[in-house]
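Structural characterization, general
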Amino acid sequence: MASSPIESGLSSVGGALWPRGSALLTNSLLNKGTAFSERERDALGLRGLLPPRVFTLEEQVVRALGNLRRKPDSLEKYIFLTTLQNRNETLFYRLVQDHAEEMIPLIYTPTVGRACLEYGAIFRRPRGLFISIRERGRVAEILRHWPMSDVRMIVVTDGERILGLGDLGALGMGIPVGKLALYTACAGLHPGYGLPITLDVGTDNAALREDSSYLGLAHPRVRGADYDAFIAEFVAAVREVFPRALLQWEDFGNTNAFRLLNENRASVCSFNDDIQGTAAVAVAGLLGALRETGGRLADQRLLFLGAGEAGTGIADLFVAAAISEGLSAADARRRCWFVDSEGLVVRYRPGLKLAHHKLPYAHEHAPLRTLAEAVDAVRPTALIGVSGQPATFTPAILRRMAELNPRPVVFALSNPTSQAECTAEEAYRETQGRVLFASGSPFAPVTLDGRTFTPGQGNNVYIFPGVGFGALACGAREITNEMFLAAARRLAELVTTDDLALGRIYPALTRIREVSLELAVSVVEEARRARLATLPLGDDLRSELAARRFEAVYRDYV
Ligand code: NAD
């Protein structure tokens, strides 16, 4: 992976392809705005197009931060940051990197959820490719419209299950755009290598279809053979046009997500972040919690609320980890229990057919209707919320978890914040501060009886940038569950005793660049072990990967 895809696409400065004047100012990858030097202004036809004072990048960051903080709410801040990203990516990434804890919740969850809901209203200029099912037969042609020829990372959604918000159709584009920004900010993928894509097959969200400002196809979702043919054409077109690209499936509905992942895994290097990324971050959280409580992963009993992509993905990775600790697959699966919208998932539920992905976890047990009954029956050590249903971890359920365990583990992973199964405050209060808590979206620290707890954020941002960066760097033929497990283990190791003392089972987000690099190293090591790496890398992996990262600094053009 070269450090910059733009240099390969453009000849030297002053050459025919190098943009000048206003074309340079509108090229977000090259633009420096007021930081163009006097010499550059003369050499590149910029004189007069900029106000006279030349600023440094650091000065621009201070100014941008001040402007951002003056915005009245998070959506306005999101719009500000999106506009900055479209204007000057170096400045945008410098700002995001230097203020990661403040910026990540603005460019991703929870703000991105609101941004998607309002995508029609806040839409300024397109970013990424919209490919609609009307364009079947022309997908490769549309991919070639993308201005960069060497794409390495594609994040694609069909908008059916955006965060915990459901079917947002074409408005889901905020998700691939946000995830790619995190690839750059957290792992150092050059922004020119990323391509966000929304596949628009319609929407089953009737309110959107009736909204006159809706941006997408206003008909019900196309499903079945036509949908499958469209996806197959898309995958083939990606392989043809961007043969070096890794494909990240994102926020597909669960009837398609498992299928698409399994059907395409062998033909195109790909993964599904909702299934595998979530799994790794949750397993890392469990391992982090065990550093506080002691004991083995294989001895835990997990009860999930929600048996979709996130829940069964976590359980599958937990099973893989427990097997590596000596359990049989059957015993490991028996340690995972699920409650879905119909109650406890058991072998036989009158009148109900079980979806394929739930079958391994449908144990012999009498049907139970409620989560509270399931907690009593399963007596879990960890309760994991991935249902998208708020207020489902009631005070009574949290108190019961605290009766059953000296240090109960409770993860309320549903995003955005409005959908979390309980708040951090409820979790700490109802367990007298004994809970090891993590949430999908951030919660502010909680003070209880004079003690302050800092809830960890079990957010995939800890995982996917490092995994994707590592897989790209070594040219992994495939992305395996073992790679995600290696990343999860490494992430748990990176939690410090100071983190644990604060009640945090993930490292601070301020360390995200270091964390992503470490995870990338662990993925490359696993790829090599499994003989899936195709590109040569030296022995000092850490330095080599670090040197390939995009650095948000200006280069001198003349
Ligand atoms: P999904 O649609 O695949 O699954 C949702 C599951 O919840 C389904 O099994 C459904 O039956 C169940 N459910 C719905 N209503 C329920 C109810 N009232 N009681 C019990 N179960 C109910 O979605 P998913 O991909 O699994 O995501 C679920 C949630 O997890 C979303 O809110 C998503 O934002 C969140 N998530 C968080 C992270 C993270 O980083 N923390 C990552 C992925 C997903």
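Structural notes, computed from the coordinates. (Residues numbered from 1 in each chain as written. Predicted model: local features only at pLDDT ≥ 70, side-chain atom pairs only at ≥ 80, totals over all residues. Heavy atoms only, no water.)

Topic: the sheet that holds strand 5 (residues 270-272)
Just so we agree on the cut-off: When DSSP finds two or more bridges between two strands, those strands count as paired. Only DSSP runs of H or I reaching four residues or more are called helices, and only runs of E reaching two or more are called strands; each is numbered from the N terminus. Angular values range over 0 to 180 degrees, each being the angle between N-to-C directions of two axes fitted as lines to C-alpha atoms, with helices fitted over their stretch in contact. Should any heavy atoms of two residues lie within 4.5 Å, those residues are considered in contact.
As summarised here, the arrangement of the five strands in space is 1-3-2-4-5, forming an open sheet in which the pairing is parallel. Each end of this open sheet is capped by a strand with a single partner; those strands are strand 1 (129-132) and strand 5. This sheet shows a mean twist of 25° between the axes of neighbouring strands, independent of strand direction. Where strand 1 meets strand 3 (residues 194-200), four bridges bridge the pair, whose relative direction is parallel. Bridging from a neighbouring strand, Phe130 pairs with Thr198 of strand 3. Sheet contacts for helix 15 (residues 273-293): strand 4 (246-249) and strand 5; angle to strand 5, the most-contacted strand, approximately 75°.

Some words on the sheet that holds strand 14 (residues 456-457)
Read from one edge of the open sheet, seven strands run 8-7-6-9-10-11-14, paired in mixed fashion. Both outer strands of the open sheet, strand 8 (343-344) and strand 14, are each paired with one neighbouring strand and no more. Of the strands in this sheet, strand 6 (302-305), strand 9 (382-385), strand 10 (409-412) and strand 11 (436-439) touch helix 15, which is tilted by about 150° from strand 10. Helix 18 (residues 371-378) contacts strand 6, strand 7 (336-340), strand 8 and strand 9 of the sheet and is inclined by roughly 170° relative to strand 6.

Some remarks on the environment of Trp18
Relative to the helices and strands, Trp18 resides in the loop between helix 1 (5-9) and helix 2 (21-25). Taking the C-alpha atoms as reference points, Trp18 and Leu404, 386 residues apart in sequence, are found 66 Å from one another.

Points about a nonpolar patch on the surface
Inclusion rule: Like-charged residues within 9 Å of one another, or nonpolar side chains (Val, Leu, Ile, Met, Phe, Trp, Tyr) within 5 Å, are grouped into patches, provided each residue has over 30% relative accessible area and no salt bridge. What sets the accessible areas is the Shrake-Rupley method with a 1.4 Å probe; for residues, cover comes only from the shown protein chains. Think of a salt bridge as a Lys or Arg side-chain nitrogen and an Asp or Glu carboxyl oxygen that are within 4 Å of each other. Remark: exposure states derive from per-residue accessible area (1.4 Å probe, protein chains only) relative to the maximum for the residue type, with buried under 20%, exposed over 50%, and partly exposed in between.
A cluster of nonpolar residues, Phe123, Phe130 and Leu215, forms a patch on the protein surface that exposes about 230 Å² of accessible area. Within the secondary structure layout, Phe123 lies in the loop between helix 9 (119-122) and strand 1. Accessibility expressed as a relative area gives 31% for Phe123, which makes it partly exposed.

Some points on the site of the ligand
For clarity, the threshold we go by: We call a residue near a molecule or strand whenever a single non-hydrogen atom of that residue lies within 4 Å of it. Identification of polar contacts relies on pairs of N or O atoms within 3.5 Å, with a donor-acceptor requirement for protein atoms, meaning one able to donate a hydrogen and the other able to accept it, and with residues adjacent in sequence counted only if both atoms are side-chain atoms. Using a 1 Å grid laid over the protein atoms alone, points where a 1.4 Å probe fits but cannot get out form a cavity; open sets with protein on both sides within 12 Å along at least 5 of 7 lines form a pocket; any residue with an atom within 4 Å of a point counts as lining. To decide whether a molecule occupies a pocket or cavity, check its atoms: if more than half lie within 2 Å of the grid points, it is inside. When residues are sorted by character, Ala, Val, Leu, Ile, Met, Phe, Trp, Tyr, Cys and Pro go into the nonpolar class, Asp, Glu, Lys and Arg into the charged class, and all the rest, Gly among them, into the polar class.
As a structural note, the neighbourhood of the ligand is formed by 25 residues, with Arg161, Asn254, Thr278, Ala310 and Asn460 the closest of them. The contact in question runs from an oxygen atom of the ligand to an N or O atom on the side chain of Ser414, over 3.4 Å. When the ligand is considered free in solution it has 850 Å² of accessible area, and contact with the protein chains removes 84% of it. Of the pockets mapped on this structure, the ligand occupies the largest pocket. When contributions to the shell around the ligand are tallied by element, the ones reaching two or more residues are helix 16 (309-324) and strand 7. Its residues assigned to classes, the shell around the ligand shows seven nonpolar, 15 polar and three charged.

A word on empty space enclosed by the protein
Short version of the rule: Grid points are joined across faces, edges and corners, and a volume is the space filled by probe spheres set on the points.
All told, the structure shown has two cavities of 30 Å³ or more when counted by the stated rule. The computed volume of the largest cavity comes to approximately 70 Å³. Along the walls of the largest cavity sit Tyr78, Leu81, Thr82, Gln85, Phe92, Ile107, Gly174, Val177, Gly178 and Ala181, which together make up its complete lining. At the level of secondary structure, the elements contributing two or more residues to the lining of the largest cavity comprise helix 5 (74-87) and helix 11 (174-187). Across the lining of the largest cavity, the residue classes break down as six nonpolar, four polar and no charged.

Observations regarding the layout of surface pockets
Taken as a whole, the largest pocket holds about 820 Å³ of empty space. Where the lining of the largest pocket is concerned, the elements lending two or more residues are helix 14 (254-264), helix 15, helix 16 and strand 7. Taken together, the residues of the lining of the largest pocket break down into ten nonpolar, 21 polar and eight charged.

Re the packing of aromatic side chains
This is how the line gets drawn: When two rings of Phe, Tyr or Trp (its six-membered ring) have centres within 6.5 Å they constitute a pair, described as stacked for plane angles under 30 degrees, edge-to-face for angles over 60, and tilted for the intermediate range. Put simply, a charge is over a ring when the Lys NZ or the Arg CZ is close to the ring centre, within 6 Å, and near the line of the ring normal, within 35 degrees.
Taken as a whole and judged by the stated rule, the model has twelve aromatic pairs. Relative to Tyr93, the ring of Phe92 has its centre 4.8 Å away and its plane inclined at 80°; by these criteria the two rings are edge-to-face. We note that Phe92, like Tyr93, is buried. One aromatic cluster is present, built from ring pairs that chain together Tyr428, Phe437, Phe443 and Phe453. Directly above the aromatic system of Tyr557 lies the positively charged group of Lys32, at a separation of 4.4 Å from the ring centroid. The side chain of Arg53 reaches across the aromatic face of Phe55, ending 4.2 Å from its centre.

Things to note about the packing of helix 5 against helix 7 (residues 100-107)
The condition that has to hold: For this classification, under 35 degrees means roughly parallel, over 145 means roughly antiparallel, 65 to 115 means roughly perpendicular, and everything else is oblique.
Between helix 5 and helix 7, the shortest axis-to-axis distance is 9 Å and the interhelical angle comes to 95°. On the basis of the axis angle, helix 5 is roughly perpendicular to helix 7. Each of Ser74, Lys77, Tyr78 and Leu81 in helix 5 lies in contact with helix 7, whose residues at this interface are Met103, Leu106 and Ile107. Tallied by class, the residues present in the contact of helix 5 with helix 7 amount to five nonpolar, one polar and one charged.

Re the pattern of salt bridges
The final tally for this structure, using the stated rule, is 41 salt bridges. Between Arg161 and Asp274 there is a salt bridge, and its shortest N-O distance comes to 3.7 Å. Residue Arg161 is located in the loop between strand 2 (153-157) and helix 11, and its partner Asp274 is located in helix 15; the two are separated by 113 residues in the primary sequence. Residues joined by salt bridges that share partners form a network here, namely Arg399, Glu425, Arg429 and Glu430.

Brief notes about helix 14
An α-helix turns once every 3.6 residues. As a result, residues three or four positions apart point the same way. Turning to helix 14, its buried residues are Asn256, Ala257, Phe258, Leu260, Leu261 and Asn264. Packing partners of the buried residues in helix 14 comprise helix 13 (225-241), strand 4, strand 5, helix 15 and helix 16.

Some words on unusual backbone geometry
That bond from Thr109 to Pro110 is cis: its omega, 5°, falls within 30 degrees of zero. With respect to the secondary-structure elements, Pro110 resides in the loop between helix 7 and helix 8 (111-117). Between Asn415 and Pro416 the backbone carries a cis peptide bond, its omega angle lying at -15°. Looking at where Pro416 falls in the secondary structure, it is placed in the loop between strand 10 and helix 20 (424-430). Phi is positive for Asp251, which is not a glycine, with a value near 55°.

What is shown is where atoms sit, not what they do.
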